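# Residue-level structural notes
Each chain, letter by letter, is given below.
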Amino acid sequence: MLTQKLKSDIISAAILAPSADNSQPWIFDWQDSTLLLRIDATRSGSISDTNYLLSDIASGSCLENIHIFLASLGIEHNIEILPNLDDPLLIAKVQLTGRSILPAEATLASMIPLRQSNRRFPFTPHAKRLTQKLLESASTPLTEAIDCSNGMQKKVACRALFKAESLRFQIKHVHEELFKTVRFNDKEGAQEGMDLRSLNIEPFARPIFKLASNWPTMAWLNKLGMSYVFGYRSTVLPTKLSPTLLLISPKENSRQGAISLGRILERCWLSATAMGLSVQVYAAPGVFTRNHATIPNEHATTLQQITESMLTLNPAGTGGLFLRIGIDKHSSNNARTRRRNLTDFINK
Ligand SMILES: Cc1cc2nc3c(=O)[nH]c(=O)nc-3n(C[C@H](O)[C@H](O)[C@H](O)COP(=O)(O)O)c2cc1C
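Residues numbered from 1 in each chain as written. Predicted model: local features only at pLDDT ≥ 70, side-chain atom pairs only at ≥ 80, totals over all residues.

## As for the environment of I146
Applied cut-off: Strands are runs of DSSP state E lasting at least 2 residues, helices are runs of H or I lasting at least 4, and numbering of each runs from the N terminus. Any residue pair is listed as a contact if its two C-beta atoms, each placed from the backbone, are within 7 Å.
Positionally, I146 belongs in strand β5 (residues 143-147). Look past the residues within four positions of I146 in its chain and what remains in contact with it is L246, L247, L313 and N314.

Here is the structure:
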């Protein structure tokens, strides 16, 4: 029986999914025993999301949590993935059939409340077979997984990450978008967006980061090379000090492809959590190469270099997410992000 409590439990599991900058761009509608998952127009479509790439990935992860949660309770359901031109924000319909099936996915379901981003470093090494298992879980008919942990691949990946992350501090509207999500004063952790603890900004660096949130100051600091310092600190340094770097890409350059990427991202991340591994996602190289409109002409050469690096890693396509993975011995000190109140996600 689909009780009010079960409906709430399903949505509680769904919203624990990851989303770019903790934007939580989801809105739900119950129509009898069918759950509609939509992108929230008020929390999507920003400059990096004009083609809904980030919102589609986050919605795929949200959908996967719903699937895993229902499977763990032995509730049969059908999923229809939808976005089309008539209703571009409607992502999926999940129809609960009312039939009981053998419960499955118990391990992944138990990881949903434990999964979190970890931007700390260093990460220490883990058994190679765990990397292999994650690569296998992320290599599906709809997604491709590439190991960029070593040698030339790591060098090329670091170059793409460094250039893309530095660009986020060099372009006015991208810089504004980034800092709009940072909650400088929220000591308890913000209900949405990112606070300084979960961003893992060291206490000594927080005043500089605060100064950098002002565009004229950032533009001036960039004359001294500050965007490259931020780019190096947030990508190259943590990546060099971590054993594993994976690139997961959709096989199809379409909204369906991005939703599949989100589903596989969540499965891979929950599996890593079950293995005791910490994960940080990097989206900037994939986003910039899929959404050229974001980048002004003066940065065309850098965009070209990022695109070439991404194509070197995966000749089949430029999109995709990097996952930095390893063991954080002090992961219990890692700050968690929060979520908005459950009622806020229900279409009224
Ligand atoms: C599509 C997507 C893109 C993301 N991009 C980044 C990123 O570039 N850098 C980063 O540190 N985290 C990134 N994240 C992680 C989110 O910031 C994180 O999921 C969100 O803040 C919620 O926190 P949680 O993962 O701990 O639940 C991304 C997540 C998603 C789903």
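## Description of helix α2 (residues 53-72)
The condition is simple: Helix span is expected to be 1.5 Å times the residue number reduced by one.
The end-to-end C-alpha separation of α2 is 29 Å, in line with the 28 Å expected for 20 residues at 1.5 Å each. Directly beyond the C-terminal end of α2, a positive phi value near 70° is found at G74.

## Some words on the sheet that holds β5
Operational definition: Two strands make a pair as long as DSSP finds a minimum of two bridges between them. Axes, fitted as lines to C-alpha atoms, cover a helix only where it is in contact. Angles between the N-to-C directions of the axes lie from 0 to 180 degrees.
Read from one edge of the open sheet, four strands run β5-β8-β10-β9, paired in antiparallel fashion. This sheet does not close on itself; its edge strands, each paired only once, are β5 and β9 (278-282). Neighbour-to-neighbour, the strand axes of this sheet turn through a mean angle of 25°, independent of strand direction. Where β9 lies against strand β10 (residues 321-326), five bridges are found, and the strand directions are antiparallel. Residue pairing in the sheet places V279 in a bridge with I325 of β10.

## Remarks on the site of the ligand
For the record, the criterion: As used in this record, a residue near a molecule or strand is one whose C-beta atom, placed from the backbone, is within 6 Å of it. The residue classification treats Ala, Val, Leu, Ile, Met, Phe, Trp, Tyr, Cys and Pro as nonpolar and Asp, Glu, Lys and Arg as charged. All others, Gly included, are polar. The split of the chain into domains comes from an automatic or database domain assignment.
Taken together, 19 residues sit near the ligand, with P18, N22, Q116, S117 and A283 positioned nearest. Breaking the shell around the ligand down by element, the ones donating at least two residues are α2 and β9. Of the residues contributing to the shell around the ligand, the split by class is 10 nonpolar, seven polar and two charged. Two domains each provide a minimum of three residues to the shell around the ligand, namely domain 1 (4-113) and domain 2 (128-333).

## Some points on the packing of helix α4 (residues 128-138) against helix α10 (residues 255-274)
Under the convention used in this document: Here roughly perpendicular refers to angles of 65 to 115 degrees, roughly parallel to angles under 35, roughly antiparallel to angles over 145, and oblique to all remaining angles. Each crossing gets its hand from how the near helix is turned against the far one by less than a right angle, where anticlockwise is left-handed and clockwise is right-handed.
With their axes 9 Å apart at the nearest point, α4 and α10 run at an angle of 160° to one another. Relative to α10, the element α4 is oriented roughly antiparallel. Where α4 crosses over α10, the handedness of that crossing is right-handed. Note on element contacts: α10 touches α4 through I264, R267, C268, S271 and A272, opposite L134, S137 and A138.

## Some thoughts on the nonpolar core
For clarity, the cut-off: The term nonpolar core means buried Ala, Val, Leu, Ile, Met, Phe, Trp, Tyr and Cys residues held together as one set by C-beta atoms within 7 Å. Any residue surrounded by 20 or more other C-beta atoms within 10 Å of its C-beta is treated as buried, while 12 or fewer makes it exposed and the intermediate range makes it partly exposed; C-beta atoms here are placed from the backbone.
By size, the foremost hydrophobic cluster in this structure holds 71 residues, and its most contacted members are L37, I66, A157, L246 and I248. The element contributing the most residues to this core is α2, with 10 residues. When residues of this core are assigned to domains, at least three fall in each of domain 1 (4-113) and domain 2 (128-333). Ignoring any residue separated from it by four or fewer positions in sequence, one finds A157 in contact with C148, L245, L247, L313 and F322. Core analysis: the second largest hydrophobic core is formed by five residues, F169, A212, M226 and F230 among them.

## Structural notes on the sheet that holds strand β4 (residues 90-100)
Strand order across the open sheet formed by four strands is β1-β2-β4-β3, with antiparallel pairing between neighbours. Edge positions in the sheet fall to β1 (26-31) and β3 (75-81), since each of these pairs with one other strand and no more. For this sheet the average axis-to-axis angle between neighbouring strands, irrespective of direction, equals 20°. Packed on one face of the sheet, α2 meets β1, β2 (34-39), β3 and β4 and runs near 160° to β2.

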